[in-house]
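Structure assessment
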Amino acid sequence: MPGKQKITVAYGDGIGPEIMQVTLDVLIAAGANLEFDVIEIGEKVYRKGIPTGISDDAWESLRNNKVFLKAPITTPQGGGFKSLNVSTRVALGLFSNVRPCRSFFPYVPTNHPLTDLVVIRENEEDIYSGIEHQQTNEVVQALKLISKPGSERIIRFAFEYAKAYGRKKVTCMTKDNIMKQADGLFHKIFDKVAREYPEIENNHMIIDIGSAIIADRPHSLDVVVTQNLYGDIISDIAAQVTGSVGLGGSANIGDEVAMFEAIHGSAPDIAGLDIANPSGILNAAVMMLVHIDQAEVAEKIENAWLKTIEDGIHTSDIYNKDSVRKVWTSEFAKEVILRLGQTPNRLRPVSYKSGASMKKIELDKYVVAKKELVGVDVFFDWNEKGRDPKILGDSLKKINTDALNLKMITNRGVKVYPDGYPGTFCTDHWRCRFVSPDEGNEVSHTHILELLSQINSKGFDFIKTENLYSFDGERGYSLGQGE
Ligand code: NAD
């Protein structure tokens, strides 16, 4: 047997220490080939004045061991503390969040007994970049950033996951009917990558109908891949419809490091009472074992856990009229240990192949497209003259340079000049598009500076500019509604 694999373990806060201890007991009893390197994270560390909730030594342990089994922590409110989850995700490049959502009916109540889906969520980009600005009295902007490599990485990951775990279908969810550029890019890359996996079925759904399907017919989905914000929302819906919020584990996986944890939080209301359900972190530990190629032990633990649930041995959170015995946290773990080697009868047993751990994701080499500057959107804070778009438009028309002419004005994305609809409600935030008189012709940064200088000399408050580019002749910006 090869040497023990060292993993980093954090006991966390609230119920964390109770559920982590019994989980490690099960891992040891099942013969997991592991050594534990314990670090301190969370409340105690925050209180020492470390705003990330994790000390330098702990980072060292994570970077060395590359596998992290983490109990939930309590994030103190206020005081400039940073979310430990966000810091770890970003610092360790954990680009994918994997959340299996399976129903355990009839032992755990659900309206969707056949559900067995996995949500794979991009973890690093999208609206979570946290780039927000208040630009006028009335309007705040949050930037959604979607990159080619970020999208390709998570989409490839989803297909590789499907392959490694014997899943049949990958569904992509976006809102590309509205965000034609950002979500359009994600969808386009999905279609391209999907062609490389002909053995796996694929389809695309608009996120709103996709969410409705998760709530109504989750059994029709297998692997779902999506961007950060949509994934955040649908993974909770999916866990909720299976009834498994308290039971589910999740993984955050990067090229080098992977972190495994329960879906739930630190439950301070029941801390220290020995009544918490350790299943979430135990299931996360099972995911970890498959990830590090200890599939046999993973299978043994999960099947013993399924048998325990099936035998009606339940902690108080899932105890119901059909349960056989209500048990403490520590007792539950002992019951799982007693069943190691057994498989469930009614619930479907799991089977994990050795070597199922996933191959490293290699990204395509992109050809750098020819990028041409073809115009500029200048954003204004303008709150004069009854906010009449015609007055703004007519005065901006007068300050055209030779290279850049006003083409249109939108307010909250809707075209209001020229020929706007008189009833459109206008805020104090205006997007004014300037392009070459021969539209599509290249312009320069100097032209934009000349334009801005003229705008400035006329006393307008411009709050931001956004250059308009084409890439290999293809428009790289959206049209205004009605343009
Ligand atoms: P929570 O998940 O901790 O608790 C919600 C409810 O579910 C509570 O009634 C709790 O008693 C119950 N519950 C949760 N886990 C349970 C378990 N294993 N067994 C039985 N009952 C369980 O959510 P919350 O109350 O919103 O958050 C509490 C703290 O946890 C907050 O400080 C929050 O920031 C933190 N949190 C941490 C993580 C994490 O570390 N990954 C995730 C979510 C929340």
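Quick caveat: nothing in here was measured; it's all calculated off a predicted structure.

Reading guide: rules and limits
Residues numbered from 1 in each chain as written. Predicted model: local features only at pLDDT ≥ 70, side-chain atom pairs only at ≥ 80, totals over all residues. Heavy atoms only, no water. Domains from an automatic or database assignment. Contact = heavy atoms within 4.5 Å. Buried area = accessible area lost by both parts, 1.4 Å probe. Salt bridge = Lys/Arg side-chain N within 4 Å of Asp/Glu carboxyl O. Polar contact = N/O pair within 3.5 Å; in protein donor to acceptor, adjacent residues only side chain to side chain. Nonpolar A, V, L, I, M, F, W, Y, C, P; charged D, E, K, R; others polar. Pairing = 2+ DSSP bridges. Helix = DSSP H or I, 4+ residues; strand = E, 2+ residues; numbered from the N terminus. Axes fitted to C-alpha atoms, helices over the stretch in contact; angles between N-to-C directions. 1 Å grid on protein atoms, 1.4 Å probe; cavity = no way out; pocket = protein on both sides within 12 Å on 5 of 7 lines; lining within 4 Å. Points joined across faces, edges and corners; volume = space filled by probe spheres on them. Phe/Tyr/Trp six-rings, centres within 6.5 Å; stacked < 30°, edge-to-face > 60°. Buried < 20%, exposed > 50% of the residue type's maximum accessible area, 1.4 Å probe, protein only. Near = heavy atom within 4 Å. Areas by Shrake-Rupley, 256 points an atom, 1.4 Å probe, with all protein chains shown as cover. Parallel < 35°, antiparallel > 145°, perpendicular 65-115°, else oblique. Left-handed = near helix turned anticlockwise from the far one by under 90°. Core = buried A, V, L, I, M, F, W, Y, C linked by side-chain atoms within 4.5 Å. Patch = residues over 30% accessible without salt bridge, like charges linked within 9 Å, V, L, I, M, F, W, Y side chains within 5 Å.

So, about the domain arrangement of the chain. Once the domains are mapped, the chain shows domain 1 (1–93 + 262–352), domain 2 (111–241) and domain 3 (371–475). Counting residues at the interface gives seven residues for domain 1 and six residues for domain 2. For the pair domain 1 and domain 2, the two sides together bury roughly 520 Å², of which 50% comes from carbon and sulfur. Summed over the three residues of domain 1 that lose the most area to domain 2, namely Arg 89, Ile 263 and Arg 348, the buried surface amounts to 61% of that side. Across the domain 1-domain 2 interface, the total number found is one salt bridge. The shortest N-O distance in the salt bridge between Asp 116 and Arg 348 comes to 2.7 Å. At the junction of domain 1 and domain 2, the tally comes to two residue pairs in polar contact (both at pLDDT 80 or more). Looking at the side of domain 1 that touches domain 2, its residues break down into three nonpolar, two polar and two charged.

We now examine the sheet that holds strand 10 (residues 223–226). Spatially, the ten strands line up as an open sheet ordered 2-1-3-12-11-4-5-10-8-9, and their pairing is mixed. Every other strand in the sheet has two partners, leaving strand 2 (34–39) and strand 9 (201–206) as the edge strands with one partner each. Between one strand axis and the next, the sheet turns by 25° as a mean value, whatever way the strands run. Inspection of the sheet shows strand 8 (residues 169–174) paired to strand 9 by six bridges, in the parallel sense.

On to empty space enclosed by the protein. Left-over empty space is what a probe sized like a water molecule reveals as it rolls over the atoms. Under the criterion given, the structure shown has one cavity of 30 Å³ or more. A volume near 40 Å³ is recorded for the largest cavity. As for the largest cavity, its lining consists of Glu 122, Glu 125, Ile 146, Gly 150, Ser 151, Phe 186, Gln 227 and Asn 228. The residue inventory of the lining of the largest cavity, partitioned by class, reads two nonpolar, four polar and two charged.

Next up on the list: the sheet that holds strand 15 (residues 371–381). One open sheet accounts for six strands, arranged 17-16-18-15-19-20; its pairing is antiparallel. Strand pairing shows two members of the sheet lacking a second neighbour, strand 17 (414–417) and strand 20 (474–475), which therefore form its edges. Of the strand pairs in this sheet, strand 16 (residues 405–411) and strand 17 are connected by three bridges, and their pairing is antiparallel. Along strand 17, the bridge assignment pairs Thr 410 with Lys 415. The sheet strands contacting helix 12 (residues 389–397) are strand 15, strand 16, strand 17 and strand 18 (429–435), and the helix crosses strand 16 at an angle near 160°.

Here we come to the packing of aromatic side chains. The geometry of an aromatic ring pair is captured by the separation of the ring centres together with the interplanar angle, meaning the angle of the planes. Counted according to the given criterion, the structure contains nine aromatic pairs. Between Phe 159 and Tyr 197, the ring centres sit 5.0 Å apart and the planes meet at 15°, which makes this aromatic pair stacked. With Phe 159 in helix 5 (residues 148–164) and Tyr 197 in the loop between helix 6 (182–194) and strand 9, this residue pair connects regions lying 38 residues apart in the sequence. Pairing Trp 382 with Trp 430 gives two aromatic rings, centres 5.5 Å apart and planes at 75°, and the pair type is edge-to-face. Note that Trp 382 is positioned in the loop between strand 15 and helix 12 and Trp 430 in strand 18, a separation of 48 residues in sequence. For the residue pair Trp 382 and Trp 430, the accessibility class agrees, reading buried in each case.

All right, on to the site of the ligand then. If you check the shell around the ligand, you find 18 residues, and the closest are Ile 73, Gly 265, Ala 267, Asp 269 and Asn 277. A distance of 3.3 Å separates a nitrogen atom of the ligand from a polar atom in the side chain of Asn 85. Within the contact set of the ligand, a nitrogen atom lies 2.9 Å away from a backbone nitrogen or oxygen of Asn 277. A total of 810 Å² of accessible area belongs to the ligand in isolation, and the protein chains cover 63% of it. Of the residues in the shell around the ligand, the class split is seven nonpolar, seven polar and four charged.

This brings us to the packing of helix 3 (residues 56–65) against helix 4 (residues 84–91). For the pair helix 3 and helix 4, the least separation of the axes is 12 Å and the interaxial angle reads 45°. It follows that helix 3 is oblique to helix 4 by the angle criterion. For the pair helix 3 and helix 4, the sense of crossing is right-handed. On the side of helix 3, the interface is formed by Trp 59, Leu 62 and Arg 63, while helix 4 contributes Ser 87, Thr 88 and Ala 91. Classifying every residue of the contact of helix 3 with helix 4 by side-chain character gives three nonpolar, two polar and one charged.

What follows covers the nonpolar core. Ranked by size, the top nonpolar core spans 76 residues in total, and within it Leu 27, Leu 69, Ile 120, Val 225, Leu 289 and Ile 301 carry the most contacts. Looking at which domains feed residues into this core, each of domain 1 (1–93 + 262–352) and domain 2 (111–241) gives three or more. Leu 373, Val 378, Val 443 and Tyr 469 belong to the second-largest nonpolar core, a separate cluster that totals 24 residues.

Next up on the list: a nonpolar patch on the surface. Nonpolar side chains collect at one region of the surface, where Tyr 128, Leu 229 and Ile 233 lie side by side and expose about 240 Å² of accessible area between them. A relative accessible area of 45% means that Ile 233 is categorised as partly exposed.

Structurally, Val 327 is set in the loop between strand 14 (325–326) and helix 11 (329–338). Residue classification places Val 327 among the buried positions, given a relative accessible area of 5%. In the structure, Val 327 is positioned 51 residues away from Ala 276 in sequence and 9.9 Å away in space, judged by C-alpha atoms. For Val 327, the residues in contact, after removing those within four places along its chain, are Ile 313, His 314, Thr 315, Ser 316 and Phe 332.

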